[in-house]
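Single-letter residue listing:
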Amino acid sequence: MKHELALFDLDGVIVDTAKYHFISWRKIAKCFNYELKTEDNQKLKGLSRADSLNQILNLANITLDPSSFKIYLEKKNQDYLNYVREITVDDILPGILEALDFLDKRRIKIALGSASKNARLILDQLEITSFFKIVVDGNQVKKSKPHPEVFLKASMEMGITSKKCVVFEDSQAGIIAAKAAGMTAVAIGDKNDFANYDFCYPNFSSINTTELEMLF
Ligand code: BG6
Ligand code: MG
């Protein structure tokens, strides 16, 4: 297919931090007397921290003044970091290391495109930072997924056109962002949770080297 850049989302693709985001957001939602459901969480995936809090406030029918908004963002992140600090190489999702290794050996460039402001910390804890030529995360973008900025920034910084990029994403917001950027979008998860993707696999264990050959 002649793709040159593999753009990985982090949370839910490389490591199952999505479950920790859910636990921490559920605690925040409880402060507003709202019981955050799995279906609600599915819609939060891929959104920035602030966009996620806004969604929860909408669900709970609550408005916050700007200083309380900041306090809740910080509260959520501090709780989330308690889980993240425990993450090790053993938490890398099955098939990821093999895929990174395969792409690296084939000289396919690898980059990260994540909404998270904790992305570098997590990559370091997983001991896989060196695989990534560049990391574009929530600290560097103004507009978060479903806006394509994060992926466009990565492809521009790498000097590789959108058409030659493949994005691996576990969120619908990320799939929309990848398609809006003009890239090939690979959804990771249950295909019933996604629309408008190019390919879908349940996880990276099901993406063997033949599949990767086909994608790149
Ligand atoms: C995304 C997650 O990768 O990062 C979202 O899918 C999360 O659930 C977002 O809200 C921001 O993460 P962080 O670590 O900056 O709070
Ligand atoms: Mg994700």
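These lines cover the structure that appears in this document, whether it is placed above or below. Nothing here was measured: the structure is a model prediction, and the numbers come from that model. Residue positions within a chain follow its written sequence, with the count starting from 1. To label them, take the chains in the order written and letter them from A, then take the ligands in the order written and number them from 1. It should be noted that, the model being predicted, local features are given only for residues of pLDDT at least 70 and side-chain atom pairs only at 80 or more, the latter also being counted only at that level, while totals for whole chains, interfaces and linings use all residues. In computing side-chain properties, one takes all heavy atoms of the structure into account and sets aside hydrogens as well as water.

### Things to note about the overall build of the protein chain
Our working definition: Helix and strand definitions here come from DSSP, where helices need a minimum of 4 consecutive H or I residues and strands a minimum of 2 consecutive E residues; each element is numbered from the N-terminal end. The atom set for the radius of gyration is the C-alpha atoms, and the globule formula is 2.2 Å times the number of residues raised to the power 0.38. Relative accessibility thresholds used throughout: buried, under 20% of the residue-type maximum; exposed, over 50%; partly exposed, between the two (1.4 Å probe, protein chains only). For this analysis, residues touch if any pair of their heavy atoms sits within 4.5 Å. Under the convention used here, Asp and Glu are negative, Lys and Arg are positive, and both His and the chain ends fall outside the count. Charge placement uses NZ in Lys and CZ in Arg. For Asp and Glu, CG and CD serve respectively.
In terms of helices and strands, the protein chain carries nine helices and six strands. Relative to the compact-globule value of 17 Å for 216 residues, the protein chain shows a C-alpha radius of gyration of 17 Å, a close match. Going through the 216 residues of the protein chain one by one, you find that 52% of them count as buried. When contacts within the protein chain are restricted to residue pairs at least 6 apart in sequence, those whose partners lie at least 24 apart make up 62%. Taking the 28 positively charged and 29 negatively charged side chains of the protein chain as two groups, their mean positions are separated by 5 Å.

### Side note on the coordination of the magnesium ion (ligand 2)
What counts is decided by this rule: Coordination partners: N, O, S within 2.8 Å of the metal, 3.2 Å for Na, K and Ca; water not considered, so apparent gaps in a site are possible.
Protein coordination at the magnesium ion (ligand 2): the donors are Asp9 (OD), Asp11 (O) and Asp170 (OD), at 2.0 to 2.1 Å from the metal. Along the chain, the residues donating to the magnesium ion (ligand 2) are arranged with the sequence spacing D-x1-D-x158-D. Remark: aspartate 170 occurs in the loop between strand E4 (165-169) and helix H8 (172-180) and aspartate 9 occurs in the loop between strand E1 (5-8) and helix H1 (18-31); sequence separation between them is 161 residues. By the burial criterion, aspartate 9 is buried, and aspartate 170 matches it.

### Thoughts on the pairing of E1
Which entries qualify depends on this criterion: Pairing between strands is defined by DSSP: at least two bridges between them are needed.
Side chains Leu5 and Leu7 of E1 all project onto a buried face; the interleaved residues Ala6 and Phe8 project onto the opposite face, where all are buried too. With four bridges connecting them, E1 and strand E2 (residues 109-113) associate as parallel partners. Note on E2: the bridge partner recorded for alanine 6 is isoleucine 110. Relative to E4, E1 runs parallel, the two being bridged by four bridges. When the sheet's bridge partners are listed, phenylalanine 8 is paired in E4 with phenylalanine 168.

### Section: the side chain of aspartate 137
For clarity, the threshold we go by: Salt bridge, as used here, is a side-chain nitrogen of Lys or Arg placed within 4 Å of a carboxyl oxygen of Asp or Glu. Pairs of N or O atoms are called polar contacts if they sit within 3.5 Å, as long as, within protein, a hydrogen donor faces a hydrogen acceptor (for residues adjacent in sequence, only side-chain-to-side-chain pairs).
Checked against the element boundaries, aspartate 137 lands in the loop between strand E3 (134-136) and helix H7 (149-158). Of the side chains with opposite charge, arginine 120 comes closest to the buried, unpaired aspartate 137, at an N-O distance of 4.8 Å. At 2.9 Å, the side chain of aspartate 137 forms a polar contact with the backbone nitrogen of asparagine 139. In this structure, aspartate 137 is in contact with Ser114, Ser116, Ala119 and Arg120, ignoring residues within four places of it in sequence.

### Details of the layout of surface pockets
Gaps between atoms show up when a probe of the same size as a water molecule is rolled over them. Rule in force here: As defined here, a cavity is a set of points on a 1 Å grid over the protein atoms alone where a 1.4 Å probe fits but cannot get out. A pocket is an open set with protein on both sides within 12 Å along at least five of seven lines, and residues line them when an atom is within 4 Å of a point. Grid points are joined across faces, edges and corners, and a volume is the space filled by probe spheres set on the points. For this classification, the nonpolar set comprises Ala, Val, Leu, Ile, Met, Phe, Trp, Tyr, Cys and Pro, the charged set comprises Asp, Glu, Lys and Arg, and every other residue, Gly included, is treated as polar.
Approximately 560 Å³ is the volume found for the largest pocket. Along the walls of the largest pocket sit 31 residues, with Leu47, Ser48, Arg49, Ala115 and Ser116 positioned nearest its centre. Those elements giving two or more residues to the lining of the largest pocket turn out to be H1, helix H2 (38-44), helix H3 (49-60) and helix H4 (66-84). If you tally residues by element for the lining of the largest pocket, the top one is H4, at five residues. A breakdown of the residues in the lining of the largest pocket according to their chemical character gives eight nonpolar, eleven polar and twelve charged. Counted as a void, the second largest pocket has a volume near 280 Å³. For the second largest pocket, the lining is made up of 21 residues, of which Gly12, Asp16, Lys45, Asp170 and Ile188 are closest to its centre.

### Quick look at the packing of H1 against H4
For the record, the criterion: Every axis corresponds to a line fitted to the C-alpha atoms, with the helix fit spanning only the stretch in contact, and the corresponding angles, defined between N-to-C directions, vary from 0 to 180 degrees. Crossing handedness: left-handed means the near helix sits turned counterclockwise from the far one by under a right angle, and right-handed means the same turn made clockwise.
The N-to-C vectors of H1 and H4 enclose an angle of 145°; their axes lie 9 Å apart at closest approach. When the axes of H1 and H4 are compared, the crossing they make is right-handed. Judged by residue contacts, Tyr20, His21, Ile23, Ser24, Trp25, Lys27, Ile28 and Cys31 of H1 engage Tyr72, Leu73, Lys75, Lys76, Asp79, Tyr80 and Tyr83 from H4. Partitioned by chemical class, the residues of the contact of H1 with H4 number nine nonpolar, two polar and four charged.

### Points about the side chain of serine 48
Along the chain, serine 48 falls in the loop between H2 and H3. Of the polar contacts made by the side chain of serine 48, one reaches the side chain of serine 144; its length is 3.5 Å. If sequence neighbours within four positions are ignored, serine 48 has contacts with Ala115 and Ser144.

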